[in-house]
Amino acid sequence: MKAAIAGTGLVGASIGMALRSAGWTVGGWDPDPEAAARAKELGALDTVHGSLAELADADVLLLAGPPVAIRETVRDLATDALVVDVAGVKGDIVHAARHLPHFVGTHPMAGREHPGPDAASAALFKGAAWIVVTDDADEADL
């Protein structure tokens, strides 16, 4: 399986680490190229991509950034991949993603006091609750 992560801070890099430890191939992009490069150095990514558009061919595209950025991203996104977001605010994002054939809004209930890929851990979500918004989501995508 191939995953792509847009946003390689604490949450995105932690998910990347967990996916890679489970055998996934993970590519990533971040508007801060240094964050993406650091996430790769730490083992969260196999590949750093130069743009968000390069991520659209993954099986799963994870959007891990601020809610406003995620909302703007999904508005213009065109992909057949399963798109999953991890923002804490859902209404605007779920609404903006209605045109996507495969979208599931989520919010992991885990974090740390420090941001960025240096604080990431593959174990960050072990035992944590993960809210899944089922609104308009296809059963197979859930």
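See the structure above.
All of these numbers come straight from a predicted model, not from anything done at the bench.

> Is there a simple way to think about the overall build of the chain in this case?
Per the secondary structure count, the chain includes four helices and seven strands. Listing the helices and strands of the chain from first to last along the sequence gives β-α-β-α-β-β-α-β-α-β-β. Whereas a compact globule of 142 residues would reach a radius of gyration of roughly 14 Å, the chain reaches 14 Å, a difference of no more than 12%. Counting only C-alpha atoms and orienting by the principal axes, one finds that the chain spans roughly 35 × 30 × 30 Å. The 142 residues of the chain split such that 44% are buried. Total accessible area on the chain stands at roughly 7200 Å², and carbon and sulfur atoms take up 53% of it. Side chains of the chain carry 10 positive and 20 negative charges; the gap between the two charge centres is 5 Å.

> Looking at this structure, I do not really get the nonpolar core. What am I missing?
Grouped together as the largest cluster of nonpolar side chains are 22 residues, with contacts concentrated most on Ile-15, Ala-44 and Leu-62. In terms of residue count, helix H1 (residues 10-21) provides more of this core than any other element does, four residues in total. Those residues within four positions of Ala-44 in sequence are excluded, and the remaining contacts are Ala-13, Gly-16, Met-17, Arg-20, Val-26 and Ala-39.

> Would you mind going over the pairing of strand E2 (residues 25-29) with me for this structure?
Residues in a regular strand project their side chains so that they alternate between the two faces of the sheet. Here five bridges tie strand E1 (residues 2-6) to E2, and the two strands are oriented parallel to one another. When the sheet's bridge partners are listed, Ile-5 is paired in E2 with Gly-28. Read as a crossover between parallel neighbours, the route from E1 over H1 to E2 is right-handed. Sheet analysis places E2 next to strand E3 (residues 47-48), joined by two bridges and oriented parallel. From the neighbouring strand, Gly-27 faces E3, where its bridge partner is Thr-47. In this region the chain leaves E2, passes through helix H2 (residues 33-41) and returns to the parallel neighbour E3; the handedness of that crossover is right-handed.

> Got a minute to help me understand the side chain of Thr-8 in this structure?
Tracing the sequence through the fold places Thr-8 in the loop between E1 and H1. Polar contacts involving the side chain of Thr-8 include one to the main-chain carbonyl oxygen of Ala-35, which spans 3.5 Å.

> Would you mind going over the sheet that holds strand E6 (residues 103-108) with me for this structure?
Strand pairing within a sheet occurs via backbone hydrogen bonds; the two strands may be parallel or antiparallel. Strand order in the open sheet formed by seven strands is E3-E2-E1-E4-E5-E6-E7, and the pairing between neighbours is mixed. The two strands at the open ends of the sheet, each matched to only one other strand, are E3 and strand E7 (130-133). Sheet topology note: the E6/E7 ladder contains four bridges and is antiparallel. Looking across to E7, one finds that Gly-105 is bridged to Val-133.

> I would appreciate a short explanation of H2 in the present structure.
Every α-helix carries 3.6 residues per turn, so stepping three or four residues along brings you back to the same face. Among the residues of H2, those classed as buried are Ala-35, Ala-36 and Ala-39. Relative to the axis of H2, the buried residues are bounded by an arc of 100 degrees and lie together on one face. For H2, the exposed residues set more than 90 degrees away from the buried face come down to Pro-33, Glu-34 and Glu-41. At its buried positions, H2 is contacted by H1 and E3. Capping the start of H2, Asp-32 holds a side-chain oxygen 3.0 Å from the backbone nitrogen of Glu-34, two or three residues further along. Just past H2, the residue Gly-43 takes up positive phi, approximately 95 degrees.

Rules of the game
Residues numbered from 1 in each chain as written. Predicted model: local features only at pLDDT ≥ 70, side-chain atom pairs only at ≥ 80, totals over all residues. Heavy atoms only, no water. Helix = DSSP H or I, 4+ residues; strand = E, 2+ residues; numbered from the N terminus. Rg over C-alpha atoms; globule rule 2.2 N^0.38 Å. Buried < 20%, exposed > 50% of the residue type's maximum accessible area, 1.4 Å probe, protein only. Areas by Shrake-Rupley, 256 points an atom, 1.4 Å probe, with all protein chains shown as cover. Lys, Arg positive; Asp, Glu negative; His and termini not counted. Charge placed at Lys NZ, Arg CZ, Asp CG, Glu CD. Core = buried A, V, L, I, M, F, W, Y, C linked by side-chain atoms within 4.5 Å. Contact = heavy atoms within 4.5 Å. Pairing = 2+ DSSP bridges. Right-handed = clockwise from strand over helix to strand, strands pointing away. Polar contact = N/O pair within 3.5 Å; in protein donor to acceptor, adjacent residues only side chain to side chain. Arc of directions from axis to C-beta.

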